[in-house]
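Observations on chain architecture
Each chain, letter by letter, is given below.
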Amino acid sequence: MLSGVAQAWEHLQRTAQELFARYGYEPVYTPLFEHTEVFTRGIGEATDIVLKEMYTFEDKGGRSITLRPEGTASVVRAALEHNLTANGTQAKLYYAGPMFRYERPQKGRMRQFWQIGIELLGAAEPTADAEVISVLWRYFEALGIPPASMRLLLNSMGDDACRPAYRGKVAAFIRDRSGGLCEECGRRADANPLRAFDCKNPACVGVMAEAPLLRDELCGACAAHHSAVKERLAGLGIPFVEDPRLVRGLDYYTRTVFEIQVEAGLGSQNAIGGGGRYDRLMQEYGGPATPGLGFALGFERTLLAMQAAGVAVPAPPRAEVYVARVEGSPDGTVFAIAQALRDAGVAAEMDHQGRSLKAQFKQADRLGARFVVIAGPGELEVGEVTLRDMGTKEETRVPMDGVASAVDTALGGRSRTLHA
Ligand code: AMP
């Protein structure tokens, strides 16, 4: 991976950690692979992920293993296994890492991609939905993606009280109109009719535009929940667009679903993040009824969206101080000064390639060093070095063992690393 891309990665991770921590989310690490059943059960047998996209293989013990295609199923499985939500306790977790889906690669769609996501378990109130959505929105804002270029789509998938009847209606609609739909959507009537709303085939989009909408058939409780979520979002000033055809690809969603899309830079893969509520998922794994919801966002697409918006990723300086070798000075002394700086918490770099002093200054510039320590033989003889401020070009003599505190003083005690 290019170092610039890796830097951007770290920036995305750091920004997420800082923001998510403000909302009380704690990290959780789940395995890269699980028993296949974890995904088939949670995500749903009839979903695209399970039917077509999983990397599944048999291990030497004859078990069916799958590389994780998404994070939620594993997090919920782990929360149950480790009793994180016992007796109604609320758990706020976030994860980050690679996911694997056997999809046709294209811009913004890879077979191994990186997701970061949060899960809020044990929370049924609409404020929880608004909080989760706001974290996603604020994250993209914090990265510098202009809000005007983002579109937050919102829908309700209903619950066990209202969705089954609605599902039946869509299935009947599909059977009735199957001639106008692609082969796959025609087949979806029985197993997963709502997925036909997600098909990109123009003929299907045309037909499904006339399909009945759940919005019109939500039960009272789901309708009230949905209105409350919208009110909370409006209260935060987060703009959203109601999209009654947004279904998202997984079976486990109930009530709120959402997605953030960007206008430029991504072509058809324009969703940078999304999620929803999954109040039945814990029960699918044999646990007690525990409401929950979350989102996942993709790093690759987020980076593309940042590039399209012209957002530069801030790169921290790689060295605060560069300790230059001068001809005639003992190598061991330069080495010891660099090490003393590092031990004191200052990011210090030195030459390991026998470069000229001029080349070392260039290198110090490239690394973004604020200071260069010049340890010439004459200075070393009296136990001193020269500290050059690369910004003001000012040079001062400081005692050899006082470089770290001199750097700290020069930075007004704001040395990047000294107080970390
Ligand atoms: P999903 O888990 O499908 O809801 O996806 C959540 C987010 O993960 C999407 O909005 C994308 O940013 C990202 N994502 C999903 N699939 C891929 C993929 N194949 N390649 C890259 N990013 C992906």
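Residues numbered from 1 in each chain as written. Predicted model: local features only at pLDDT ≥ 70, side-chain atom pairs only at ≥ 80, totals over all residues. Heavy atoms only, no water.

By size, the foremost hydrophobic cluster in this structure holds 52 residues, and its most contacted members are Ile174, Phe197 and Met208. The residues touching Ile174, leaving out its near neighbours within four places in the chain, are Leu181, Cys185, Gly186, Ala189, Pro193, Ala196 and Met208. Judged by nonpolar contacts, the second largest core, of 42 residues, contains Ala16, Tyr25, Ala130 and Met150. (Core = buried A, V, L, I, M, F, W, Y, C linked by side-chain atoms within 4.5 Å. Buried < 20%, exposed > 50% of the residue type's maximum accessible area, 1.4 Å probe, protein only. Contact = heavy atoms within 4.5 Å.)

On to the sheet that holds strand E2 (residues 33-35), then. With antiparallel pairing, 3 strands are arranged side by side in an open sheet as E2-E4-E3. One side of each edge strand has no neighbouring strand; the edge strands of this open sheet are E2 and strand E3 (56-58). Adjacent strand axes in the sheet meet at a mean angle of 35 degrees, parallel and antiparallel pairs treated alike. Bridge count between E3 and strand E4 (residues 64-67): 3 bridges; the pairing is antiparallel. Within E4, the position partnered with Glu58 by the bridge is Ser64. The strands touched by helix H2 (residues 36-43) within the sheet are E2, E3 and E4, with E2 carrying the most contacts at an inclination of about 80 degrees. (Pairing = 2+ DSSP bridges. Helix = DSSP H or I, 4+ residues; strand = E, 2+ residues; numbered from the N terminus. Axes fitted to C-alpha atoms, helices over the stretch in contact; angles between N-to-C directions.)

Further remarks concern the packing of aromatic side chains. On inspection of all chains with the given rule, the structure shows 10 aromatic pairs. An angle of 75 degrees between the planes, with centres 5.9 Å apart, marks the rings of Trp9 and Trp114 as edge-to-face. Of the two residues, Trp9 is situated in helix H1 (residues 3-22) and Trp114 in strand E6 (residues 112-121); the sequence distance between them amounts to 105 residues. Chaining the aromatic ring pairs together yields one cluster made of Phe20, Tyr94, Tyr139, Phe140 and Phe295. Arg111 extends its terminal NZ or CZ atom over the ring of Tyr102, reaching a point 4.2 Å from the ring centre. (Phe/Tyr/Trp six-rings, centres within 6.5 Å; stacked < 30°, edge-to-face > 60°. Lys NZ or Arg CZ within 6 Å of the ring centre and 35° of its normal.)

For the rest of this paragraph, the subject is the site of the ligand. The full set close to the ligand counts 14 residues, and Arg101, Glu103, Met110, Gln115 and Arg248 are the nearest of them. Between the ligand and the protein, one listed contact pairs an oxygen atom with a side-chain N or O atom of Arg248 at 2.4 Å. The contact in question runs from an oxygen atom of the ligand to an N or O atom on the backbone of Gly298, over 3.0 Å. When isolated, the ligand has an accessible area of 480 Å², and the protein chains bury 91% of it. If you list the elements that add at least two residues to the shell around the ligand, you get E6, strand E10 (271-277) and strand E11 (292-298). (Near = heavy atom within 4 Å. Polar contact = N/O pair within 3.5 Å; in protein donor to acceptor, adjacent residues only side chain to side chain. Areas by Shrake-Rupley, 256 points an atom, 1.4 Å probe, with all protein chains shown as cover.)

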